[in-house]
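Chains, contacts and geometry: an overview
Each chain, letter by letter, is given below.
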Amino acid sequence: MSSDYREKNKIHFGLRYALNGLKIAILSERNIVIHFIAATIVLIAGVLYSISVIEWAILFLTIGAVISMEMMNTALERALDYLEPEHRPQIGVAKDISAGAVLVTAIVAIIIACLIFAPKILS
Ligand SMILES: Nc1ncnc2c1ncn2[C@@H]1O[C@H](COP(=O)(O)OP(=O)(O)OP(=O)(O)O)[C@@H](O)[C@H]1O
């Protein structure tokens, strides 16, 4: 087997695992579905209000940040639940900090959406 083929195979399987992770997250995490619904609404608003290229770029960056942060939070929760099924204050703190990171990105996303859409809605 050539190393070129092996490299392509690695990329193929890496992508399959990543898509599988995305599928699991969407099917099992209500919050991720909510983020996708919110993202769809924002994207429809973007079309309706004919936002600029730079505004599209900022929106996509923000949506990507929120959804990936929620997925990282879910991955951490799952790993911690497996590693420590008992109730432990340290585990609680780690999960709270991770949930806090999701909250920060969500708040920033709301602020960005207001900055982009509020002037267009008001004018
Ligand atoms: N093993 C544990 N030890 C101590 N506290 C915990 C533990 N598991 C969960 N907690 C506390 O409960 C909170 C919720 O944790 P949980 O894993 O149930 O997340 P969740 O409510 O399912 O979050 P999400 O809605 O994002 O899926 C944590 O932020 C933490 O404060």
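Residues numbered from 1 in each chain as written. Predicted model: local features only at pLDDT ≥ 70, side-chain atom pairs only at ≥ 80, totals over all residues.

1. Here's the deal with the UniProt feature "binding site: a divalent metal cation" (unreviewed entry) in the chain
With numbering aligned to this structure, UniProt lists the feature "binding site: a divalent metal cation" (unreviewed entry) at E29 and E77. A maximum C-alpha distance of 11.5 Å places the annotated residues, which cover 49 residues in sequence, within one compact spot. With respect to the element layout, E29 can be found in the loop between α1 (3-28) and α2 (30-48). Checked against the element boundaries, E77 lands in helix α3 (residues 53-83). (UniProt positions renumbered as here; feature names shortened; annotations may be inferred. Helix = DSSP H or I, 4+ residues; strand = E, 2+ residues; numbered from the N terminus.)

2. What to know about the environment of Y5
Inspection of the secondary structure puts Y5 in helix α1. On the basis of neighbour counts, which here come to 9 C-beta atoms within 10 Å, the residue Y5 falls in the exposed class. Considering only alpha carbons, one finds Y5 and P89, 84 residues apart in sequence, at a separation of 48 Å. (Buried ≥ 20, exposed ≤ 12 C-beta atoms within 10 Å, placed from the backbone.)

3. Here we look at unusual backbone geometry
The phi torsion at S50 lies on the positive side, around 45°, for a residue other than glycine. Since 8 C-beta atoms lie within 10 Å of it, S50 is described here as exposed.

4. Looking at α2
Relative to the 27 Å expected for 19 residues at 1.5 Å per residue, α2 spans 27 Å between its end C-alpha atoms, a close match to the ideal helical length. Positive phi shows up at S50, right after α2, with a value of about 45°. (Expected span 1.5 Å × (residues − 1).)

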